[in-house]
Amino acid sequence: MKKIALLACILMVSVSLSAEQLTTVGVVDISTVYNSFFQDSLAVRELEELKDSIQQELDGHVAILRRLQEQKLEAESEGRENDALRLDEEIYEKTQFIQDFQRIKQRELYDRQQRLLNSDSFLSQLQNAIAFVAEANGFTIVVTANDDKLLWWSQEVDITELVLERLRATSR
């Protein structure tokens, strides 16, 4: 009977010890790291310049659209139906152009940002920083906060700031 009780105690201790060795998951927001740490790189500055250029071009098209809308209202108020119809068609075409322009340029910017995020130097520095922080803080798995399947996490497991600190420390 004592042997059974001793065996049961050993089993309970081993179960409780194995429960303490659960996987510890960390979360890192790669977009935040990218925007905070790599903001000064030439590639990121070029991307920002491209964004500004696209926005200026878009603003120009929107200004043209507004002028067309004003001209249409003026034509309608003056009873120039043919001009109003012609302007209405131009407004429709300009609106379609702006929507297509936005869609194409947003995709272009997204693709370019993804190429930057997946560049060897960025990934290498990021991987080294994540590995260091994870090992130093006892995390056995680190997932990206940008994953659509990740619905919620506690701020206690968010290692984004620690990764940024490590990147800054190693880049000096």
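Think of each chain on its own: its residues are numbered from 1, step by step along the sequence as written. At least 70 in pLDDT is required for a residue's local features to be given in this predicted model, at least 80 for side-chain atom pairs to be given and counted, and no such filter applies to totals for whole chains, interfaces and linings, which use all residues. Side-chain figures throughout are based on the complete set of non-hydrogen atoms in the structure, without hydrogens or water.

S.K.: Explain the overall build of the protein chain here, please?
M.R.: Assigned secondary structure in the protein chain consists of 6 helices and 2 strands. The rule is simple: take the accessible area with a 1.4 Å probe, protein chains only, and divide by the maximum for that residue type; under 20% is buried, over 50% is exposed, in between is partly exposed. When burial is assessed residue by residue, the protein chain has 23% of its 172 residues classed as buried. Every residue pair with non-hydrogen atoms within 4.5 Å of one another is taken to be in contact. At a minimum sequence separation of 6, the contacts of the protein chain that also span at least 24 residues come to 78%. In the form shown here, the protein chain has an accessible surface area of approximately 12,400 Å², with 54% of it arising from carbon and sulfur atoms. Strands are runs of DSSP state E lasting at least 2 residues, helices are runs of H or I lasting at least 4, and numbering of each runs from the N terminus. In short, Shrake-Rupley with a 1.4 Å probe defines the accessible areas, and a residue's cover is counted only from the protein chains shown.

S.K.: Would you mind going over the side chain of Lys94 with me for this structure?
M.R.: Considering the arrangement of structural elements, one finds Lys94 in helix H4 (residues 81–117). Charge assignment: positive for Lys and Arg, negative for Asp and Glu; neither His nor the chain ends contribute. Think of a salt bridge as a Lys or Arg side-chain nitrogen and an Asp or Glu carboxyl oxygen that are within 4 Å of each other. Here Lys94 is buried and forms no salt bridge, its nearest opposite-charge partner Glu57 lying at an N-O distance of 8.5 Å. If sequence neighbours within four positions are ignored, Lys94 has contacts with His61, Ile64, Leu65 and Leu68.

S.K.: How should the packing of aromatic side chains be read in this particular structure?
M.R.: Pairs of aromatic rings are described using the distance from one ring centre to the other and the angle between the two planes. Working definition: a ring pair exists when centres of Phe, Tyr or Trp rings (six-membered ring for Trp) sit within 6.5 Å. Plane angles under 30 degrees give stacked, over 60 give edge-to-face, the rest tilted. Tallying each qualifying case throughout the model produces 1 aromatic pair. An angle of 25° between the planes, with centres 6.1 Å apart, marks the rings of Phe97 and Phe101 as stacked. Placement of both Phe97 and Phe101 in helix H4 is noted, with a separation of 4 residues, approximately one turn of the helix. Overall, the relative accessible area of 37% leaves Phe97 in the partly exposed class.

S.K.: How do you make sense of the pattern of salt bridges when you look at a structure like this?
M.R.: Should the charged atoms of two oppositely charged side chains come close, the side chains can pair. Applying the stated rule across the entire model yields 11 salt bridges. A salt bridge links Glu78 to Arg80; the shortest N-O distance between them is 2.9 Å. Ionic pairing is found between Glu90 and Arg86, a salt bridge with its closest N-O pair at 2.6 Å. With Glu90 and Arg86 both in helix H4, this residue pair falls 4 residues apart, about one helical turn. Since its relative accessible area comes to 42%, Arg86 is described here as partly exposed. A single network of salt bridges, built from pairs that share partners, joins Glu74, Glu78, Arg80 and Asp83.

S.K.: Even after reading the chapter, I still don't get the nonpolar core, so can you show me in this structure?
M.R.: Here is a general trend for soluble globular proteins: nonpolar side chains tend to be buried in one another's company. Grouped together as the largest cluster of nonpolar side chains are 32 residues, with contacts concentrated most on Val33, Tyr34, Phe38, Val163 and Leu167. Breaking this core down by element, the ones donating at least two residues are helix H2 (30–37), helix H3 (42–77), H4, helix H5 (120–137) and helix H6 (160–171). The term nonpolar core refers to a set of buried residues drawn from Ala, Val, Leu, Ile, Met, Phe, Trp, Tyr and Cys, joined through side-chain atoms within 4.5 Å.

S.K.: Is there a simple way to think about H6 in this case?
M.R.: Residues separated by three or four positions in an α-helix point in the same direction, a consequence of the helix having 3.6 residues per turn. Take the number of residues in a helix, subtract one, and multiply by 1.5 Å to get its expected span. Relative to the 16 Å expected for 12 residues at 1.5 Å per residue, H6 spans 17 Å between its end C-alpha atoms, a close match to the ideal helical length. Those residues of H6 that fall on the buried side of the exposure criterion are Thr160, Val163, Leu164 and Leu167. Projection of H6 onto a plane perpendicular to its axis shows the buried side chains occupying an angular sector of 100°, all on one side. The arc under discussion is defined with respect to the helix axis, by the directions toward the C-beta atoms.

S.K.: Explanation requested: the side chain of His61 in the structure shown.
M.R.: Relative to the helices and strands, His61 is located in helix H3. On the basis of relative accessibility, which here comes to 14%, the residue His61 falls in the buried class. Once you skip the residues sitting within four places of it in the chain, His61 turns out to touch Lys94, Phe97 and Ile98.

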